[in-house]
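Structural overview
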Amino acid sequence: MKTMRTDVAIIGAGTAGLSAYRAARAGGKRAVLIESGPYGTTCARVGCMPSKLLIAAADAAHAVADAPAFGVHPGPVRIDGRAVMARVRSERDRFVGFVLEGMEHIPAEDLLRGHARFAGPRELSIDGHTLVQAERIVIATGSTPIVPQEWRQAGDRVISSDAVFEWTDLPGSVAVVGTGVIGLELGQALHRLGVRVTMYARGGSVAQLGDPEVLAEAARVLGGALDIRFQTSVASVTAEDGRLALASRDETGRERRESFDFVLAAMGRKPNVHELNLELAQIALDRRGVPLYDRRTMQCGSSAIFIAGDADDELPLLGEAADQGKIAGANAARFPDVQPGLRRTPLTVAFCEPQIATMGASYRDLCASHGGRFAAGSVSFGNQGRSRVMRQNQGMLRVYGEFGSGRFLGAEMVGPRAEHIGHLLSWACQARLTVSAMLDMPFYHPVVEEGVRTALRDLAEQLAAEPPAPVPCPDCTPGT
Ligand SMILES: Cc1cc2nc3c(=O)[nH]c(=O)nc-3n(C[C@H](O)[C@H](O)[C@H](O)COP(=O)(O)OP(=O)(O)OC[C@H]3O[C@@H](n4cnc5c(N)ncnc54)[C@H](O)[C@@H]3O)c2cc1C
Ligand SMILES: NC(=O)c1ccc[n+]([C@@H]2O[C@H](COP(=O)([O-])OP(=O)(O)OC[C@H]3O[C@@H](n4cnc5c(N)ncnc54)[C@H](O)[C@@H]3O)[C@@H](O)[C@H]2O)c1
């Protein structure tokens, strides 16, 4: 076995790993980037970018289908599935190409191919061919979609999101299991592109929402547009005449058997930390086997090991992977003098329609941290002017504020332009603005943001009143 020495070894050349590599090099250290899979990052290859390409095609189809409601009659819609998927794949390849181009400046001796496993707290074995001795190590191994083992036995038509972006044509029918972000984004896009889509939610969850009022509104609106079977669990998936038979059971115990071309498991992703021999790393793990770490420094205990991106299972998003990688790489370079890095206000967006966004402290966090002693203002977009003009007058926004300080704390939303409103509100949150300072800001007319003002006014009124006695959170059961 070859032995290699380096200051910093980074496991995983995805977004977090590349960011950590750049930060470690900027810190003046020699760094090695170890990758077992294809280069190009999850985001560009099978994540953010191809999913948004598919959604863009679906939005185009939807705009044409919706046009007659404005008195515009474009004629019958014809969706060319091959052309749709050809564009998704070729634009995806372009985005991957940019990542590969960006890697061209990395010296060949800093890139190592193979699967890394700990051989000791400062040693990694790479597929048994190379032993890397590193002063510091960054774990940036990403995550893998969860597909139940028993369903896999039904064959390769049981898929995760990865496979969707390899399709050369659109299928006739897809069962989507899970109403998280991936299920909703891909399920709705396929539905709008003419695929028969049925979605199964074992509970009532919708994307990343935790506020019971926003959740109920999202379930109502999306449930009206899509065939979503809430409170229905999938009992089995079996192969049947070249297709898949899916057996499900609803909350009344009623069983149903339906046939689909594909079953898309959109049931979450698990961090890639279970094949790293972490027991040899001498770091503490949580009960799921994920290393315990300080979220400001990304350091695992007081060790020379750092973690970043989906691998730590904190908030599996692209921006988080980039930020956490930068902090981990910079601290690996300056170890043992680690310093807190910038962690931004959390912001999540699901690109379904209506879009879903959360920012700042979530309703569930506030129930735990404030014991019910926070105020919530709300607005419905049902009659909001500009939303109605665009025929996008659905959904609601709830904004949260703190009694006493009047500080804006966070929000949850399903509704039009949520990707932009999410940014606006998360900036206000990070700037630690009070609700009254936000109301002093300009609001143009007629814009969807006037709805935000209505919700903030409602919140300001409530903050002016006496805080209520602490109440238990009405619906904070995880997974509901
Ligand atoms: C369908 C989909 C849509 C998404 N859409 C969005 C979106 O719109 N916005 C958003 O913010 N986020 C989105 N995400 C999430 C985002 O893609 C991820 O959070 C982000 O890509 C994670 O980056 P990472 O660096 O942690 O992991 P990755 O980019 O997956 O990098 C990890 C790398 O580590 C390698 N590796 C693993 N184990 C080892 C080992 N032992 N040895 C060597 N190499 C190893 C892997 O091969 C991989 O290349 C989406 C994800 C999916 C799946
Ligand atoms: N727009 C975006 O930012 C974006 C888009 C896609 C993915 N992502 C990231 O990828 C991550 C993974 O996405 P995801 O949608 O797979 O996970 P998720 O955690 O968002 O949702 C998983 C869903 O599957 C359900 N589920 C779990 N086990 C199930 C079972 N046995 N039967 C039925 N349902 C089950 C859960 O209740 C949940 O609703 C997200 O957490 C997100 O961070 C982000």
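Remember, it's a predicted structure, so these values are computed and weren't measured experimentally.

**Let's talk about the site of ligand 1**
The immediate surroundings of ligand 1 are formed by 35 residues, with Gly12, Gly14, Gly37, Gly142 and Gly309 found nearest. Residue assignment for the shell around ligand 1 shows that the elements contributing at least two residues are helix H1 (15-26), strand E2 (31-35), helix H2 (42-46), helix H3 (48-66) and helix H9 (318-334). In terms of residue class, the shell around ligand 1 is made up of 16 nonpolar, 17 polar and two charged.

**Remarks on unusual backbone geometry**
A cis amide bond links glutamate 353 to the next residue, proline 354, at an omega of 0°. Among the structural elements, proline 354 can be located in the loop between strand E18 (347-350) and strand E19 (355-360). In the segment running from histidine 445 into proline 446, the intervening peptide bond is cis, with an omega of -5°. A positive phi angle, close to 50°, is found at glutamine 231, a residue other than glycine.

**Things to note about the site of ligand 2**
Surveying the vicinity of ligand 2 reveals 25 residues, the closest of which are Gly178, Gly180, Ile182, Arg202 and Met267. The element best represented in the shell around ligand 2 is helix H7 (residues 181-192), accounting for four residues. Of the residues contributing to the shell around ligand 2, the split by class is twelve nonpolar, ten polar and three charged. Both domain 2 (149-267) and domain 3 (347-464) contribute no fewer than three residues apiece to the shell around ligand 2.

**Here we look at the pairing of strand E22 (residues 408-415)**
For E22, a buried count of eight out of eight residues is recorded, marking the element as mostly surrounded by other parts of the structure. Relative to E22, E19 runs antiparallel, the two being bridged by six bridges. Looking across to E22, one finds that glycine 360 is bridged to glycine 410. Two elements, strand E21 (residues 396-402) and E22, share six bridges in a ladder whose sense is antiparallel. The residue of E22 that forms the bridge with leucine 397 is methionine 413. Hairpin connection from E21 to E22: five residues lie between these consecutive antiparallel strands, with glycine 404 at a positive phi of about 90°.

**Here we look at the UniProt feature "domain: FAD/NAD(P)-binding" (unreviewed entry) in the protein**
Feature annotation in UniProt assigns "domain: FAD/NAD(P)-binding" (unreviewed entry) to the following positions: residues 7-325. Counted over residues 7-325, helix gives 32% and strand 25%. Its end C-alpha atoms are 16 Å apart.

**Topic: the confidence of the model for the protein**
When pLDDT is averaged along the protein, the result is 96; 98% of the residues meet or exceed 70. Per-element confidence in the protein is highest for strand E17 (residues 305-307), whose mean pLDDT is 99, and lowest for helix H10 (residues 363-370), whose mean pLDDT is 92. In the predicted assembly, ipTM is 0.99 and pTM is 0.97.

**Regarding the sheet that holds strand E14 (residues 255-260)**
Pairing in this open sheet of three strands is antiparallel, and the strands run E12-E13-E14 from one edge to the other. Two strands close off the open sheet at either side, each with one partner strand: strand E12 (233-240) and E14. Each neighbouring strand pair of the sheet contributes to a mean axis angle of 20°, computed without reference to strand direction. Both strand E13 (residues 243-249) and E14 contribute to a ladder of six bridges, which runs antiparallel. Of the residues in E14, the one forming a bridge with leucine 246 is glutamate 258.

**With respect to the sheet that holds strand E11 (residues 227-229)**
With parallel pairing, the five strands of this open sheet are ordered in space as E8-E15-E9-E10-E11. Single-partner strands in this sheet number two, and they are strand E8 (158-159) and E11. With two bridges connecting them, E8 and strand E15 (residues 262-265) associate as parallel partners. Within E15, the residue paired with valine 158 across the bridge is valine 263. Sheet strands touched by H7: strand E9 (173-177), strand E10 (196-200) and E15. Its angle to E10, the strand with the most contacts, is close to 155°.

**Some points on the packing of H1 against H9**
Packed helices, taken two at a time, are described by the angle their axes make and the gap between the axes. The N-to-C vectors of H1 and H9 enclose an angle of 35°; their axes lie 7 Å apart at closest approach. By crossing handedness, the relation of H1 to H9 is classed as right-handed. Residues Thr15, Ala16, Gly17, Leu18, Ser19, Ala20, Tyr21, Arg22, Ala23 and Ala24 of H1 form the contact with H9, whose participating residues are Leu318, Ala321, Ala322, Gln324, Gly325, Lys326, Ala328, Gly329, Ala330, Ala332 and Ala333.

**Some thoughts on the UniProt feature "active site" (unreviewed entry) in the protein**
Under the local residue numbering, the UniProt record ascribes the feature "active site" (unreviewed entry) to His445. Within the fold, histidine 445 resides in the loop between helix H13 (435-439) and helix H14 (449-464). For histidine 445, a count of 8 C-beta atoms within 10 Å puts it in the exposed group.

**Remarks on the domain arrangement of the protein**
Domain assignment breaks the protein into domain 1 (2-55 + 83-145 + 270-334), domain 2 (149-267) and domain 3 (347-464). For domain 2 and domain 3, the distance between their C-alpha centroids amounts to 30 Å. Elements with a contribution of two residues or more to the side of domain 2 that touches domain 3: H7 and helix H8 (212-225). With six residues, H8 is the single largest residue contributor to the side of domain 2 that touches domain 3. Across the side of domain 2 that touches domain 3, the residue classes break down as eight nonpolar, three polar and four charged.

**Looking at the pairing of E13**
Where burial is concerned, the two faces of E13 differ: the one with Leu244, Leu246 and Ser248 is buried and the one with Arg243, Ala245, Ala247 and Arg249 is not. Examined bridge by bridge, E12 and E13 share seven bridges and lie antiparallel to one another. Across the sheet, the residue bridging to serine 233 is arginine 249, located in E13. Once E12 ends, the chain turns through two residues before running back antiparallel as E13, passing aspartate 241 with a positive phi of about 50°. Connecting E13 to the next strand, E14, in antiparallel fashion are five residues, including glycine 253 with a positive phi near 95°.

**A look at the nonpolar core**
Residues Val177, Val263, Leu264 and Ile356 are the most contacted members of the largest nonpolar core, which totals 92 residues. Contact partners of valine 263, with chain neighbours within four places excluded, come to Trp151, Arg157, Val158, Ala175, Val177, Val237, Leu244 and Leu246. Among the nonpolar cores identified, the runner-up in size contains 49 residues, and Ile126, Leu276, Met298 and Ile305 belong to it.

**As for helix H12 (residues 418-430)**
Between its first and last C-alpha, H12 extends 18 Å over 13 residues, near the 18 Å set by a 1.5 Å rise per residue. Taken together, the buried positions of H12 are Ala418, Ile421, Gly422, Leu425, Ser426, Ala428 and Cys429. The buried residues of H12 all sit within an arc of 155° when viewed along its axis, so they share a single face. The secondary structure elements touched by the buried residues of H12 are E18, E19, E22, H13 and H14. Positive phi appears at arginine 432, one or two residues downstream of H12, with a value of about 55°.

The rules we used
Residues numbered from 1 in each chain as written. Chains lettered and ligands numbered in written order. Predicted model: local features only at pLDDT ≥ 70, side-chain atom pairs only at ≥ 80, totals over all residues. Near = placed C-beta within 6 Å. Helix = DSSP H or I, 4+ residues; strand = E, 2+ residues; numbered from the N terminus. Nonpolar A, V, L, I, M, F, W, Y, C, P; charged D, E, K, R; others polar. Domains from an automatic or database assignment. Buried ≥ 20, exposed ≤ 12 C-beta atoms within 10 Å, placed from the backbone. Pairing = 2+ DSSP bridges. UniProt positions renumbered as here; feature names shortened; annotations may be inferred. pLDDT = per-residue confidence, 0-100. Axes fitted to C-alpha atoms, helices over the stretch in contact; angles between N-to-C directions. Contact = placed C-beta atoms within 7 Å. Left-handed = near helix turned anticlockwise from the far one by under 90°. Core = buried A, V, L, I, M, F, W, Y, C linked by C-beta atoms within 7 Å. Expected span 1.5 Å × (residues − 1). Arc of directions from axis to C-beta.

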